[in-house]
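Structural overview
Below, each chain spelled out in residue letters.
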Amino acid sequence: MTYEFYYWPHVQGRGEFVRLALEEAGADYVDVARVKGVEALKAAMAVESAEPPFAPPFLRVGKRLIGQTTNILLFLGDRHGLAPKSAAGRLWTNQIQLTIADFSLEAHDTHHPLGPRLSFAEQQAAAMTRADWFRSERIERFLAWFETLLARNPRGPGHLVGGRLTYADLALFQTVEGLRYAFPRAMARIEPAFPLVVALNARIAARPRIRAYLGSSRRIGFHERAGLFRYHPELDG
Ligand SMILES: N[C@@H](CCC(=O)N[C@@H](CS)C(=O)NCC(=O)O)C(=O)O
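A few points on the structure. For clarity, every value in this text was computed on a predicted model and none was experimentally measured. (Residues numbered from 1 in each chain as written. Predicted model: local features only at pLDDT ≥ 70, side-chain atom pairs only at ≥ 80, totals over all residues. Heavy atoms only, no water.)

**A few points about the pairing of strand S1 (residues 3-6)**
- Across three bridges, S1 lies against strand S2 (residues 29-31) in parallel orientation. Its bridge partner lying in S2, Tyr-3 is registered against Tyr-29.
- The parallel pair S1 and S2 is bridged by helix H1 (residues 15-25), and the resulting crossover is right-handed.
- Bridging between S1 and strand S3 (residues 58-61) involves three bridges; their strand directions are antiparallel. Counterpart to Phe-5 in the pairing with S3 is Leu-59. (Pairing = 2+ DSSP bridges. Helix = DSSP H or I, 4+ residues; strand = E, 2+ residues; numbered from the N terminus. Right-handed = clockwise from strand over helix to strand, strands pointing away.)

**Points about the nonpolar core**
- Among the nonpolar cores identified, the biggest contains 60 residues, and Tyr-3, Leu-76, Leu-143, Phe-146 and Leu-160 are the most heavily contacted of them.
- Not counting chain neighbours up to four residues away, the residues in contact with Leu-160 comprise Trp-92, Ile-96, Phe-146, Leu-149, Leu-150, Asn-153, Ala-168, Asp-169, Leu-172 and Leu-200.
- Judged by nonpolar contacts, the second largest core, of eight residues, contains Tyr-6, Val-32, Ala-33 and Phe-58. (Core = buried A, V, L, I, M, F, W, Y, C linked by side-chain atoms within 4.5 Å. Buried < 20%, exposed > 50% of the residue type's maximum accessible area, 1.4 Å probe, protein only. Contact = heavy atoms within 4.5 Å.)

Nothing here speaks to function; it is geometry throughout.
Quick look at the structure:
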């Protein structure tokens, strides 16, 4: 079965968490808007359904449209062995993923603290205040939590959950990569204190399917003006 994945073309955004899971799973999928254009995405959203998604990303599985990034990952985790099988393990992985969603939204809010209707220039003063807090407190608070999970994992520090890769490992990888892109100076200062997170990142990047994906044209690059993680030198430091 071929999944149809729907997200804004040319943007990593939240869609990238799903793309990474699809790629690691070796799933058969079409990134619809990248192939057919954004109109195909809008058309899928406009279809009358009793269960329409609120916003991209969403995944078509047969007749079903599954929305919300974390919910899509819950589904893919079960289907493709990217999550534990037990209810407790699935819940814990979901909890970690929701925290990654919080973290990446806070990263987004550094460049657009007043929302997407105003340009960066129009909200630069607020962005600098928000970014200062993010850099001085929030990055460390989140990374310390992930470092603790790795250190306390009864199956060892190789993964966030249990002894095998989960979608949460992939999502943390994407988040750390995004932070390195958006806050290179801050991350160079902060990340050495979190060696288990750094080591996990390196292992994810070296996984054969992930390495192949990152080197392919399917991987959209980070961008200064699009996505959750954007580089503005004024916000780094
Ligand atoms: N919590 C949702 C957020 C979805 C979301 O905000 N999608 C953005 C793109 S990343 C969008 O297109 N939003 C349109 C809107 O909110 O009207 C998720 O994780 O999927």
